Structure formats: C-alpha cells, structure tokens
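Inside the fold
Each chain is listed here by its residues.
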Amino acid sequence: MGNKGLKRSCVAVAVALLAMVHVSVSVPFIMLHGISAQCSNARDANFTQLLTNLSGSPGFCLEIGNGVGDSWLMPLTRQAEIACEKVKQMKELSQGYNIVGRSQGNLVARGLIEFCDGGPPVYNYISLAGPHAGISSVPMCGSGLFCKLADELIKGDIYSDFIQDHLAPSGYLKIPTDMTKYLESSKYLPKLNNEIPDQRNQTYKDRFTSLHNLVLIKFQDDKVIVPKDSSWFGFYPDGEFEHLLSAQQTKLYTEDWIGLKTLDDAGKVKFVSVAGEHIRMADEDVVKHVVPYLQDQPSSVQRVNRKTKQPLHP
C-alpha cells in the first residue's frame, strides 16, 4: 500500500472513531403507571406508545405484580424491589435509561433511583402528578370486591403495621397533625425523603442528585393529590392543614435532605404547572414538557465515563 492509500485508511479509521464518540444513541425509557392502573390498559399502553412515537426512543411500561390489585394492596417497598429486579434484568436498559412516572408510580420511580443497588443509571426523570411530599388524605378506591377491601383498610389505623403492609397509599399518607406517628410508623416515604433525623442516608441523596434532569409536573385541577403542590415537593407545615409551604420553604429543601436543592441550584429541576385534572395532560403539553427529556441522549463518551465511574455532565 502506498503513502496515499495508507493516509486514506488512517483518515477513514479516524472518522469512524469520531463517529463512535459523537453520535448519540437513543436512550430507552420506562413508564410507571399509577394506582388503579395496569400496563395492559389502553390508557397506559397508548401513553407509552405515544411517547415512543413522539420522542423516537424505545419505551417500556413496567408492570409490577398483577397491575390494578397490587397497585393498591402491595406495599411500596416491595413494589420498588420488584421494579429494581426487573430493570436490572432488561438488557435494553443496561447502559442507562429515563423514567416517566404517573401519580403513585412516581414513588416507585424514586425507589428505583434511590434504593436500587447495582441498577443501571437513570438520566432524566419526568414526574407527572407525583405525591412526593405525601398526601393528607387517601382517595377511596371505588367499586368491586378488592376496592371494598381497600376502602375498609383506608378507614382503619393507617399507620398500623397491618395496613402499612397491605395498602400501598398508606406508605405516603402524611397527617400533618400526627407527624410523630408518621415518622415512627410509616414504612416508605420517611425513608424515601430522608426525613428521619438519625437515619438520613447519603447514598440516597447521592443517587438522586446524579440525575441530569428532574421534571416535576403539577396539574392545576388535581383533586387526587392533596395537596396538589406535593407534586413539586410542597406540603403543609407540621401541625396544621391551613397554610401550604412551597418546596423551597420546606426543611426537605432548605436542609437538602435528598439533594433537591442541589439539583435546583444546578438548574436541573423544572417546576412545571399544566392545566387539567389528575394526569389528564394535553398533547401539546406532553410535546413541550415531556418529550424533550426523552430525546436528551447521553453520548457514547458519557456512557464510557459512566462505566469507568468518572463524573458525568448533562
């Protein structure tokens, strides 16, 4: 081979290497549905497919247990454990993924981010009506045999071991006038939010602050998440129901228990308010506020850095 031929070969190799470095690869996403829902329902299946069609990224609705029934009756700690095992087994997610959560599914999503040891990295997390700071009342389930059972549980001692172990919403019910019992007996949200003073876990905070983008979407006419500002980590002050604290006024934020302030200071948190009832989102709002974060694709350089545990930058 002559010098010219050798030069051409070197140039071709260099171009190929540059292409490998700079070309983005589509990052998959999972969708976690809310309570009284399941992936086989047209509403959730169609929403996942819509996001795939609009973003061009492969999407998967991640089912936990049997869907509707377990969304009510399986404790969130167990739901998060099942989700963790599933994402670790999905080869499509092995290089990292994004999450879209709906309603209660957001607490499973955050369990994936904070609790899942050995799981693939989560890049962008989009929360639709997530009860992140808790709810002050549990919505009644409705009709049907298992709903009657759930409704009877709701009427009981919500912080008892039995109900905590058999009713998913009990894991994030927060009664502002009974905070002592909440912190002592609630088995999910106090841990997730690093609320217990002598049990705050730096690993949970580190994992949460590793997100590239956190999109918190509140629905202006939401009557399911009470208060609706919980979707932005806002809540009532301890001891009262009258006033409402914004996220930035809560101790969770000012003392940075889970890294929300750290993410916000870095410009990585988007507080979004949209018109509509609970998770009833107009297509134009989906296009504007959700789709761009499913198209935010880390380059192969970032993926190499993730594997070698070097710091990443969004």
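Analysis parameters
Residues numbered from 1 in each chain as written. Predicted model: local features only at pLDDT ≥ 70, side-chain atom pairs only at ≥ 80, totals over all residues. Heavy atoms only, no water. Buried < 20%, exposed > 50% of the residue type's maximum accessible area, 1.4 Å probe, protein only. Helix = DSSP H or I, 4+ residues; strand = E, 2+ residues; numbered from the N terminus. Arc of directions from axis to C-beta. Contact = heavy atoms within 4.5 Å. Phe/Tyr/Trp six-rings, centres within 6.5 Å; stacked < 30°, edge-to-face > 60°. Lys NZ or Arg CZ within 6 Å of the ring centre and 35° of its normal. Core = buried A, V, L, I, M, F, W, Y, C linked by side-chain atoms within 4.5 Å. Right-handed = clockwise from strand over helix to strand, strands pointing away. Pairing = 2+ DSSP bridges.

Naming follows an unreviewed UniProt entry, where the chain appears as Palmitoyl-protein thioesterase of Arabidopsis arenosa.

**Brief notes about helix α10 (residues 202-209)**
Among all positions in α10, only Tyr204, Lys205 and Phe208 are buried. An end-on view of α10 places all buried positions within 95 degrees of arc, on one side of the element. Elements in contact with the buried residues of α10: α5 (105-115), α9 (189-192), β5 (213-219) and α12 (260-265).

**What about the packing of aromatic side chains?**
For the structure on display, the rule yields six aromatic pairs. With a centroid separation of 5.7 Å and an interplanar angle of 75 degrees, the aromatic rings of tryptophan 232 and phenylalanine 271 are classed as edge-to-face. Of the two residues, tryptophan 232 is situated in the loop between β5 and α11 (251-254) and phenylalanine 271 in strand β6 (residues 269-274); the sequence distance between them amounts to 39 residues. By relative accessible area, phenylalanine 271 is classed as partly exposed at 25%. Ring pairs connect the aromatic residues Phe115, Tyr188 and Tyr204, which therefore count as one cluster. Here the basic side chain of lysine 191 rests over the ring of phenylalanine 115, its NZ or CZ set 4.7 Å away from the ring centre.

**A few points about the environment of phenylalanine 235**
Mapped onto the elements, phenylalanine 235 comes out in the loop between β5 and α11. Each C-alpha atom of the pair phenylalanine 235 and serine 136 lies 9.0 Å from the other, and the pair is 99 residues apart in sequence. Dropping the residues within four chain positions of it, phenylalanine 235 is found in contact with Ala133, Gly134, Ile135, Ser136, Lys174, Pro176, Pro227, Leu244, Leu245 and Thr250.

**Brief notes about the nonpolar core**
Judged by nonpolar contacts, the single largest core of 76 residues is most densely connected at Ile99, Val100, Leu112, Ile217 and Val290. For isoleucine 217, the residues in contact, after removing those within four places along its chain, are Ile126, Ser127, Leu128, Ala129, Ser231, Trp232, Val272, Val274, Met281, His289 and Val290.

**Considerations on the pairing of strand β4 (residues 122-128)**
The element β4 is largely enclosed, with a buried count of seven among its seven residues. The β-α-β motif built from strand β3 (residues 97-102), the intervening α5 and the parallel element β4 has right-handed crossover chirality. Direction of pairing for β4 relative to β5: parallel, over a ladder of five bridges. The partner of tyrosine 125 across the bridge, within β5, is leucine 214.

**Some words on the side chain of serine 170**
Position of serine 170 among the secondary structure elements: in the loop between α7 (161-166) and α8 (179-185). The class for serine 170 is buried, based on a relative accessible area of 0%.

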